[in-house]
Amino acid sequence: MTITVGDQIVQRLHAWGVRRVYGYPGDGINGVMGALNRMNRQVEFIQARHEELAAFMATAHAKFTGEVGVCLATSGPGAIHLLNGLYDAKADHQPVVAIVGQQARAALGGDYQQEVDLLTLFKDVAGEFVQMATVPAQVRHLIDRAVRIARDQRTVTCVIVPSDLQQQKAVEQPPRVHGTVHSGIGTTGGPGVPHAGHLQAAADLLNSGKRVAILAGAGALDATDELIAVADRLGAGLAKAMLGKAAVPDDLPFVTGAIGLLGTQPSWELMEKCDTLLMVGTNFPYSEYLPAEGKARAVQIDIDGRRLGLRYPTEINLVGDSRATLQALLPLLRRQENRTWLQQVEASVAGWWKVLEDRAMTAATPINPQRVFWELSPRLPDDCIIACDSGTVAAWYSRDLKMRRGMMGSVSGGLASMGCAVPYAIAAKFAHPGRPVIALVGDGAMQMSGINALVTVAHHWRCWRDPRLVVLVLNNGDLNMVTWEQRGTEGDPKFESSQNLPSFPYADYARLLGLGGIRVDKPDLVSLAWEEALAADRPMLVEMVVDANVPPMPPHVTNKQLKHYAKALLHGDPQALEVARATAREWWASVKPAPRN
């Protein structure tokens, strides 16, 4: 049988270890689709409801497996639809390869139907490598370079394949002549550790600190034991960027939790009071939540030297894998015998968890959204994977859920795109069919793309070894995070035409698809709903009707934010009274004295 270029593409991806491709068909990519059909038992094709969802799935595959994710689309509109999910991968430094069709070569430049300048279109998102194949002899090295660069640079790459080329006979081995390229799949050695002298300099700086803080990000997800050991050695508190939430368990007494606008009070205090900062595998961008410049000496570890010294003026910068570098650094660190700083951190963390519980149990109309997450936290299965969307769900996820060892979780970190959680969850189930998966979604993101993605869940769930995929929808009828930003950042009252969402029967819709659906509008039923959903024999949608007026209060409120907030409420906010009451309850839950014995 003649091996076509389409066959060669799929076979080469398989040789690189690719076993699953997410995408949507079209005539511009038919040659590759035919090849996937011929190799279906070896490379599985997952049809998404929209190309953006396919790109999100490829990103999630990379996040939850460490492998290269692959997505596929036809020319023109299909290719354009991929972009948001691919930018999510780029922003979070995930290895994703996009295979994109194009119109026939003879038509290019002729203003042909669905002809788009794809090289220009993808040049930013796939800036490290985007190429269009024009002859069969190119194809092998284009696929090789796309996968290798995506994997080794942790970035997005793209190969564009004109439709007529996909049907041509493949050139499996280019001729050994001038002007040809002979690429290979050979293994790549892992990143090394920094020079011994640099490690000693970093250790000397850290050993001199009296109040050490550690900030861990996504680059430290595989360094759990090492982070814990370093924190113990230095008597340090440990905060986490959102993408690093699963790096260390939240049930450790020195772990202060998330940092930033959606972070915790202990993390804020940790950064404000530390004199030494160790940043591990993080590109956390918000300088106002890091120590003031000059207040702390700092060391940074990152696998990519381009990101060193970017967010804080670090003195010692170590290029290397987080886990290997910490392992090499640990013998050089002295145990901090004075544990006063550590005791202060642990006391702050213990108090904060009590504040969160009090806030979660504060009355709301009808349900306090924090309670939804607080009740879920102790019921999380030990090996669960959590996919969280953007919005106020991310605030409650970052603060109220206690990650335990063995769990995984992710968000759209750098891009903070709405609509990522359900496709993330689907990809997690395909990658880990024996593990329970939970998607945390706001009603805005659910209406944006999650409703469509549920169709894919309904189509595939019977092939998963563990059928549990639980989709939480926070139903408050409001694009809630933006509403709070309008108030606190801009000083504007809620703009109802912009912010109010049409009602939708989420749980009923899930049942219509053959999934389980639960609608909860009473606080006392929250825990029972979680228990039912997590014990179900099929995917479940849990629709929680929650109060939009409960504020996602930042860990530190500035005078400017207070002035904007007051201005918004005093100048026509339609929920001003309800918002003021909810804010007062939140404040009281944070400051009320502990009950006496």
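Details of the structure are given in the entry above.
Keep in mind it's a predicted model, so treat the numbers as computed, not measured.

Q: Where do I start with the sheet that holds strand β16 (residues 469-475) in this structure?
A: Sheet strands pair by backbone hydrogen bonding; their relative direction is either parallel or antiparallel. With parallel pairing, six strands are arranged side by side in an open sheet as β14-β13-β15-β16-β18-β17. Where the open sheet ends on each side, the last strands, each with one partner, are β14 (408-410) and β17 (516-520). Neighbour-to-neighbour, the strand axes of this sheet turn through a mean angle of 15 degrees, independent of strand direction. Here strand β13 (residues 385-388) runs beside β14; their pairing, made up of three bridges, is parallel. Along β14, the bridge assignment pairs isoleucine 386 with glycine 409. In the packing of helix α3 (residues 51-65) onto the sheet, the strands contacted are β13 and β14, and the crossing angle to β14 comes to about 145 degrees. Relative to the sheet, helix α14 (residues 369-376) contacts β15 (437-442), β16 and β18 (540-545), its axis offset from that of β16 by approximately 160 degrees.

Q: How do you make sense of the sheet that holds strand β5 (residues 130-132) when you look at a structure like this?
A: Strands sit in the order β2-β1-β3-β4-β6-β5 across an open sheet of six strands; the sheet is parallel. The open sheet has two edge strands with one neighbour each: β2 (44-47) and β5. When the angles between neighbouring strand axes are averaged without regard to direction, this sheet yields 20 degrees. By the bridge criterion, three bridges tie β5 to strand β6 (residues 156-162) in an arrangement that is parallel. Each residue of the ladder has a partner; that of valine 130, found in β6, is cysteine 158. In this fold helix α2 (residues 30-38) packs onto β1 (20-23), β2 and β3 (69-73), with an angle of close to 130 degrees to the strand it touches most, β3.

Q: It is not clear to me how the pairing of β15 should be interpreted in this structure. Could you clarify?
A: For a regular strand, the rule is simple: side chains alternate between the two faces of the sheet. Counting buried positions over the six residues of β15 gives six, a clear majority of the element. Neither face of β15 is exposed, since Val437, Ala439 and Val441 on one face and Ile438, Leu440 and Gly442 on the opposite face are all buried. Bridge analysis of β13 against β15 gives four bridges, and the strand direction is parallel. Counterpart to isoleucine 385 in the pairing with β15 is valine 437. With six bridges connecting them, β15 and β16 associate as parallel partners. Pairing of valine 437 across the sheet is with leucine 469, part of β16. Read as a crossover between parallel neighbours, the route from β15 over helix α17 (residues 443-460) to β16 is right-handed.

Q: Looking at this model, I keep getting lost on the nonpolar core. Mind explaining?
A: One broad rule of soluble globular proteins: the nonpolar side chains tend to lie buried together. Counting 42 residues, the largest nonpolar core has Val441, Met446, Leu454, Val471 and Leu541 as its most contacted members. Counting only elements with at least two residues in this core, the list comes to α3, β13, α16 (421-431), β15, α17, β16 and α20 (506-512). The greatest single-element share of this core, amounting to eight residues, is contributed by α16. Sequence-distant contacts of leucine 454, that is, excluding residues within four places in its chain, are made with Met446, Val471, Tyr509, Leu513, Leu515 and Leu541. With 40 residues, the next largest nonpolar core counts Val372, Phe373, Leu380 and Cys384 among its residues.

Q: Where do I start with the packing of α16 against α17 in this structure?
A: Any two packed helices are characterised by the angle at which their axes cross and by the distance between the axes. At a minimum axis distance of 8 Å, the contact between α16 and α17 shows a crossing angle of 20 degrees. Between α16 and α17, the angle falls in the class roughly parallel. Together, Val422, Ile426 and Phe430 of α16 and Met446, Gly450, Ala453, Thr456, Val457 and His460 of α17 make up the contact between the two elements. Its residues assigned to classes, the contact of α16 with α17 comprises six nonpolar, three polar and no charged.

Q: Explanation requested: the pairing of β2 in the structure shown.
A: Pairing of β1 with β2, which is carried by four bridges, proceeds in the parallel orientation. Counterpart to valine 21 in the pairing with β2 is phenylalanine 45.

Q: Looking at this model, I keep getting lost on a nonpolar patch on the surface. Mind explaining?
A: The grouping of Trp587, Trp588 and Val591 at the surface amounts to a nonpolar patch, some 350 Å² of accessible area in total. Within the secondary structure layout, tryptophan 587 lies in helix α23 (residues 576-591).

Q: What am I meant to see in the packing of aromatic side chains here?
A: Aromatic ring pairs: the centre-centre distance and the angle between the two ring planes describe each pair. Going through the model one piece at a time under the given rule, you end up with nine aromatic pairs. Seen in terms of ring centroids, tyrosine 22 and phenylalanine 430 are 6.4 Å apart; in terms of plane orientation they differ by 65 degrees. Their pairing is edge-to-face. Remark: phenylalanine 430 occurs in helix α16 and tyrosine 22 occurs in strand β1; sequence separation between them is 408 residues. Pairwise contacts between aromatic rings join Tyr22, Phe430 and Trp464 into one cluster. Above the face of the tryptophan 484 ring, arginine 487 is positioned so that its terminal group lies 4.7 Å from the ring centre.

Q: Just to check I follow, could you spell out helix α15 (residues 392-400) for this structure?
A: Because an α-helix packs 3.6 residues into every turn, residues spaced three or four apart end up facing the same way. Across the nine residues that make up α15, a large majority, nine, are buried. All of the buried residues along α15 are Thr392, Val393, Ala394, Ala395, Trp396, Tyr397, Ser398, Arg399 and Asp400.

Q: Even after reading the chapter, I still don't get the pattern of salt bridges, so can you show me in this structure?
A: Opposite charge on two side chains allows them to pair when their charged atoms are near. Enumeration over the complete set of coordinates arrives at 33 salt bridges. For arginine 12, the salt bridge is made with aspartate 144, and the minimal N-O distance between the two is 2.8 Å. Within this pair, whereas arginine 12 is found in helix α1 (residues 5-15), its partner aspartate 144 is found in helix α7 (residues 136-153), the two being separated by 132 residues in sequence. Residue classification places arginine 12 among the buried residues on the basis of a relative accessible area of 18%. A residue is classified by how much of its surface remains accessible, and aspartate 144, at 1% relative accessible area, is buried. Arginine 335 is the salt-bridge partner of aspartate 232, the closest N and O atoms lying 3.5 Å from each other. Separated by 103 residues along the polypeptide, aspartate 232 in helix α10 (residues 224-234) and arginine 335 in the loop between α12 (322-329) and α13 (340-360) bring together distant segments of the chain.

Q: Is there a simple way to think about the environment of aspartate 382 in this case?
A: Residue placement: aspartate 382 occurs in the loop between α14 and β13. Residues aspartate 382 and methionine 408, 26 residues apart in the sequence, show an inter-C-alpha distance of 9.8 Å. Not counting residues within four places of it along the chain, the set of residues in contact with aspartate 382 comprises Arg404, Arg405, Gly406 and Met407. Engagement of the side chain of aspartate 382 in a polar contact is seen with the side chain of arginine 404, the distance being 2.8 Å.

Q: Quick question: what am I supposed to make of helix α22 (residues 559-570) here?
A: For α22, spanning 12 residues, the distance from its first C-alpha to its last is 16 Å, which sits close to the expected 16 Å at 1.5 Å a residue. By the burial criterion, the buried members of α22 are His564, Tyr565, Ala568 and Leu569. Taken around the axis of α22, the buried residues stretch over an arc of 130 degrees, which confines them to a single face. Every exposed residue of α22 that faces more than 90 degrees away from the buried side is listed here: Asn559, Lys560, Lys563 and Leu570. Where α22 is buried, its residues contact α18 (480-490) and α23. After α22 finishes, the residue glycine 572 shows a positive phi value of roughly 95 degrees.

Q: Sorry if this is basic, but what is going on with the side chain of glutamine 166 here?
A: With respect to the element layout, glutamine 166 can be found in helix α8 (residues 163-166). Residue glutamine 166 is classed as buried on the basis of its relative accessible area of 0%. A polar side-chain atom of glutamine 166 sits 2.9 Å from the main-chain amide nitrogen of glycine 31. Apart from residues lying up to four places away in sequence, glutamine 166 is in contact with Thr4, Val5, Gly6, Gly28, Ile29, Asn30, Gly31, Val32, Gly101 and Val161.

Rules used in this analysis
- Residues numbered from 1 in each chain as written.
- Predicted model: local features only at pLDDT ≥ 70, side-chain atom pairs only at ≥ 80, totals over all residues.
- Heavy atoms only, no water.
- Pairing = 2+ DSSP bridges.
- Helix = DSSP H or I, 4+ residues; strand = E, 2+ residues; numbered from the N terminus.
- Axes fitted to C-alpha atoms, helices over the stretch in contact; angles between N-to-C directions.
- Contact = heavy atoms within 4.5 Å.
- Buried < 20%, exposed > 50% of the residue type's maximum accessible area, 1.4 Å probe, protein only.
- Right-handed = clockwise from strand over helix to strand, strands pointing away.
- Core = buried A, V, L, I, M, F, W, Y, C linked by side-chain atoms within 4.5 Å.
- Parallel < 35°, antiparallel > 145°, perpendicular 65-115°, else oblique.
- Nonpolar A, V, L, I, M, F, W, Y, C, P; charged D, E, K, R; others polar.
- Patch = residues over 30% accessible without salt bridge, like charges linked within 9 Å, V, L, I, M, F, W, Y side chains within 5 Å.
- Areas by Shrake-Rupley, 256 points an atom, 1.4 Å probe, with all protein chains shown as cover.
- Salt bridge = Lys/Arg side-chain N within 4 Å of Asp/Glu carboxyl O.
- Phe/Tyr/Trp six-rings, centres within 6.5 Å; stacked < 30°, edge-to-face > 60°.
- Lys NZ or Arg CZ within 6 Å of the ring centre and 35° of its normal.
- Polar contact = N/O pair within 3.5 Å; in protein donor to acceptor, adjacent residues only side chain to side chain.
- Expected span 1.5 Å × (residues − 1).
- Arc of directions from axis to C-beta.

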